[in-house]
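A look at the structure
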Amino acid sequence: DTGVSQDPRHKITKRGQNVTFRCDPISEHNRLYWYRQTLGQGPEFLTYFQNEAQLEKSRLLSDRFSAERPKGSFSTLEIQRTEQGDSAMYLCASTQEDSSSYNEQFFGPGTRLTVL
Amino acid sequence: KQEVTQIPAALSVPEGENLVLNCSFTDSAIYNLQWFRQDPGKGLTSLLLIQSSQREQTSGRLNASLDKSSGRSTLYIAASQPGDSATYLCAVPYGGSQGNLIFGKGTKLSVKP
């Protein structure tokens, strides 16, 4: 396991369509985060999981967004009825929560979403 | 509310120069601070993480310092190379050591040969 992976790397869709992204964290990491990044901005937090439990959701995560981590391993982020404002880079990060770790977050390559 | 600011927004230097990137945060009660590098259209690569009890961390030509009391961190890059050209982001966790990260907007560095 060499790092966090995300699939697909790029997604182009038409407004109103549903899209789903996948994130595979570093295998021993129990915490997984989703962020969104628009051009010229730093990433903004969307949601995070501790194992399979979704513990926090940002106000940025409207009801069109849903995320799951069914077995505490990979996670999916679904956007329903996409809007042009959803166009962004979606980033996934993971970390290991334990007393000996530095809680360093490691990021994947991101999924670039373009909504036409 | 924690806010992170990075100055300058962009920086262009000739190859070989030493340079400093700045990061400031409004709430000094942080657990750690992380510096990242981002190449265009790519994800984030973690460069250095400084724990709140540390004053600095070094990795190769990179040195990051942390002054919690003044709400500042700096990333020093020695002997810059064209391959260092990228956007550099700093981030602090929100609400605890494992909280989601609050990012600055980054400094876009261009190192010219």
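From a predicted model like this one, the values you see are computed outputs, not experimental measurements.

Conventions used here
Residues numbered from 1 in each chain as written. Chains lettered and ligands numbered in written order. Predicted model: local features only at pLDDT ≥ 70, side-chain atom pairs only at ≥ 80, totals over all residues. Heavy atoms only, no water. Helix = DSSP H or I, 4+ residues; strand = E, 2+ residues; numbered from the N terminus. Rg over C-alpha atoms; globule rule 2.2 N^0.38 Å. Buried < 20%, exposed > 50% of the residue type's maximum accessible area, 1.4 Å probe, protein only. Contact = heavy atoms within 4.5 Å. Areas by Shrake-Rupley, 256 points an atom, 1.4 Å probe, with all protein chains shown as cover. Phe/Tyr/Trp six-rings, centres within 6.5 Å; stacked < 30°, edge-to-face > 60°. Lys NZ or Arg CZ within 6 Å of the ring centre and 35° of its normal. Disulfide = S-S within 2.5 Å. Buried area = accessible area lost by both parts, 1.4 Å probe. Salt bridge = Lys/Arg side-chain N within 4 Å of Asp/Glu carboxyl O. Nonpolar A, V, L, I, M, F, W, Y, C, P; charged D, E, K, R; others polar. Pairing = 2+ DSSP bridges. Axes fitted to C-alpha atoms, helices over the stretch in contact; angles between N-to-C directions. Polar contact = N/O pair within 3.5 Å; in protein donor to acceptor, adjacent residues only side chain to side chain.

**A look at the overall build of chain A**
For chain A, the count of helices and strands is zero helices and eleven strands. Helices (α) and strands (β) of chain A occur, in sequence order from the N terminus, as β-β-β-β-β-β-β-β-β-β-β. In summary, chain A has a C-alpha radius of gyration of 14 Å against a globular reference of 13 Å for 116 residues, a match within 12%. When its C-alpha atoms are laid out on the principal axes, chain A stretches across 45 × 25 × 25 Å. A burial count over chain A gives 47% of its 116 residues as buried. For chain A, contacts bridging at least 24 residues in sequence account for 54% of all contacts bridging at least 6. For chain A, the computed accessible surface area is about 5900 Å², with 44% contributed by carbon and sulfur atoms.

**Here's the deal with the packing of aromatic side chains**
Throughout the structure, instances matching the rule amount to ten aromatic pairs over all chains. Relative to F103 of chain B, the ring of Y35 of chain A has its centre 5.9 Å away and its plane inclined at 90 degrees; by these criteria the two rings are edge-to-face. You can see Y35 of chain A sitting in strand β4 (residues 31-37) and its partner F103 of chain B sitting in strand β10 (residues 101-103), one on each of two chains. Cluster of aromatic residues (ring-pair linked, three or more members): Y33, Y35, F45, Y48 and F107 of chain A together with F36 and F103 of chain B. Directly above the aromatic system of F74 of chain A lies the positively charged group of R22 of chain A, at a separation of 3.9 Å from the ring centroid.

**Quick look at the state of the cysteines**
By the definition in use, this model includes two disulfides over all chains. What pairs with C23 of chain A in a disulfide is C92 of chain A, and their sulfur atoms sit 1.8 Å apart. Its torsion about the S-S bond being -65 degrees, the disulfide of C23 of chain A and C92 of chain A is classed as left-handed. Placement of the pair is C23 of chain A in strand β3 (residues 19-24) and C92 of chain A in strand β9 (residues 88-95), with a sequence separation of 69 residues. We classify C92 of chain A as buried; its relative accessible area is 0%. The residue that forms a disulfide with C23 of chain B is C90 of chain B, at a sulfur-sulfur distance of 2.0 Å. On the sign convention where negative is left-handed, the bridge of C23 of chain B and C90 of chain B, at about 80 degrees about the S-S bond, is right-handed. In this pair, C23 of chain B is assigned in strand β3 (residues 19-25) and C90 of chain B in strand β9 (residues 86-93), connecting sequence segments 67 residues apart. Since its relative accessible area comes to 2%, C23 of chain B is described here as buried.

**Quick look at the interface of chain A and chain B**
If you look at the interface, chain A gives 22 residues, while chain B gives 20 residues. Carbon and sulfur atoms make up 50% of the area that chain A and chain B hide from each other, which totals about 1700 Å². The interface formed by chain A and chain B includes zero salt bridges. Among the secondary structure elements, those contributing two or more residues to the side of chain A that touches chain B are β4 and β9 of chain A. Among the elements that take part in the side of chain A that touches chain B, β4 of chain A stands out by supplying four residues, more than any other. Residue composition of the side of chain A that touches chain B, grouped by class: nine nonpolar, seven polar and six charged.

**Examining the sheet that holds strand β8 (residues 72-77) of chain B**
Residues and elements named next belong to chain B. Read across the sheet, five strands follow the order β1-β3-β8-β7-β6 without closing on themselves; strand pairing throughout is antiparallel. Of all strands in the sheet, those bounded by a partner on one side alone are β1 (4-7) and β6 (56-59). For this sheet the average axis-to-axis angle between neighbouring strands, irrespective of direction, equals 15 degrees. Bridge count for strand β7 (residues 62-67) against β8 is six bridges, and the pairing is antiparallel.

**With respect to the side chain of T47 of chain A**
Residues and elements named next belong to chain A. Relative to the helices and strands, T47 resides in strand β5 (residues 44-50). Within the local environment of T47, its side chain forms a polar contact with the side chain of Q54, the two groups lying 2.7 Å apart. In this structure, T47 is in contact with L32, Y33, W34, Q54, E56, K57, L61 and A67, ignoring residues within four places of it in sequence.

Remember, this is a structural readout, not a statement about activity or role.
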